[in-house]
Amino acid sequence: MRELLIGEYIRERRKDLGLTQINLCEGLCEPSTLCRLERGVHAPSSGLVNPLLQRLGLPGGRFFALLNENEAAVEALQKEIRADEIRFRKAAEDMKPEIRKEALEKLAQLENLAGKDDKIVRQFILGARVSLGGLDGPYSFADRLNILMDAIRLTVPRFDLTQINSKRYSEEEIKLINQIAVTYKKAEERPQAIDIYRQLLAYIEENNQELPGYVVQFCSINQNYAIALCLEKRYEDAIKLAERGRKVCIDYGNYQFLAGSLATLAECYYFMGDIETSTKLYRQAYSIYDVVNDEENLAIIRTEMKERLGLDVPY
């Protein structure tokens, strides 16, 4: 009964969007598997159904309140690794190696648990490895880009950075595309990063607003897009995006990216000569980063306020 309900749900949404079975399942499963799923004669795993539903712009977790033992173990490890990625990003430099080591050990456990033939979990593992780096530290630009492109092409074989809107994507695939743009930005290839962000933001606004993760997707991509524009000295464009990000964070009560929006605004206003507004925004951003113990960004803001405004923090 559950399989029939899921299959009908997928089939009707796919037809509403004008997608063929081949369009929807490319890289995730064979069309014959999707056909059986839609007919209710195939018992799918959450690892397959959730990406299919996400590509359709729909939430998927409601169908899998009960997971088998292996699925539950995989899901639990993925949650732990996501938490480690956040801790790693926020940690001071001297704490990063230990967090990285712990997370990489969990990734090895996850790989053994899921098996090398599980493309979706393998994709998650590759994305996490890029975020964390190797035991010796961060990957080079070329290595990061190669790993990320290998990861996205596990499930989107003909992925093209110039035609992002020509495909449908799961949440993990969107995260990988965002990571690709971040990689270009860090390598100071900002025009390429800006083009990716432009396409990706348009995609999620058009297709993903029904997903529970929409706000986080929007804020993450929007913030990185605004930073890239600021670095290219397109300050007015960056301010428009950062203000949108700030508004969405406040309107939806999701403050994970609020400090980043404020810091980007502060930087833009500084370079536009509005020192008073810049100072106010830097102080607001610093206060939020301080509350959440984000040592990396606290250090950045301390440096920028000292060098640009002549101010010492905390004050």
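Shown above is the structure to which this text applies.
Computed from a predicted model, the values in this text were never measured in an experiment.

Cut-offs and rules
Residues numbered from 1 in each chain as written. Predicted model: local features only at pLDDT ≥ 70, side-chain atom pairs only at ≥ 80, totals over all residues. Heavy atoms only, no water. Helix = DSSP H or I, 4+ residues; strand = E, 2+ residues; numbered from the N terminus. Rg over C-alpha atoms; globule rule 2.2 N^0.38 Å. Contact = heavy atoms within 4.5 Å. Areas by Shrake-Rupley, 256 points an atom, 1.4 Å probe, with all protein chains shown as cover. Lys, Arg positive; Asp, Glu negative; His and termini not counted. Charge placed at Lys NZ, Arg CZ, Asp CG, Glu CD. Axes fitted to C-alpha atoms, helices over the stretch in contact; angles between N-to-C directions. Parallel < 35°, antiparallel > 145°, perpendicular 65-115°, else oblique. Left-handed = near helix turned anticlockwise from the far one by under 90°. Nonpolar A, V, L, I, M, F, W, Y, C, P; charged D, E, K, R; others polar.

Asker: Quick question: what am I supposed to make of the overall build of the protein chain here?
Answerer: Along the protein chain, the regular secondary structure elements total 15 helices and 0 strands. Here the protein chain has a C-alpha radius of gyration of 21 Å; the compact-globule value for 315 residues is 20 Å, and the two agree. Seen through its principal axes, the protein chain has C-alpha atoms that stretch 70 × 40 × 35 Å. Pairs at least 24 residues apart make up 63% of the contacts formed inside the protein chain by residues separated by at least 6 positions. When the accessible area of the protein chain is evaluated, it comes to approximately 15,500 Å², of which 50% is carbon and sulfur surface. Positive and negative side-chain charges of the protein chain, numbering 43 and 49 respectively, have mean locations separated by a distance of 3 Å.

Asker: I tried to follow the packing of helix 5 (residues 69–90) against helix 7 (residues 119–132) on my own but got confused; where do I start?
Answerer: Helix-helix packing is described using two parameters, namely the angle between the two axes and the distance between the axes. Between helix 5 and helix 7, the least distance of the axes is 10 Å, while the angle of their chain directions is 15 degrees. Classed by the angle they form, the pair helix 5 and helix 7 counts as roughly parallel. Between helix 5 and helix 7 lies a crossing whose hand is left-handed. On the side of helix 5, the interface is formed by Val74, Gln78, Ile81, Arg82, Glu85 and Phe88, while helix 7 contributes Val121, Phe124, Ala128, Ser131 and Leu132. The residue inventory of the contact of helix 5 with helix 7, partitioned by class, reads 7 nonpolar, 2 polar and 2 charged.

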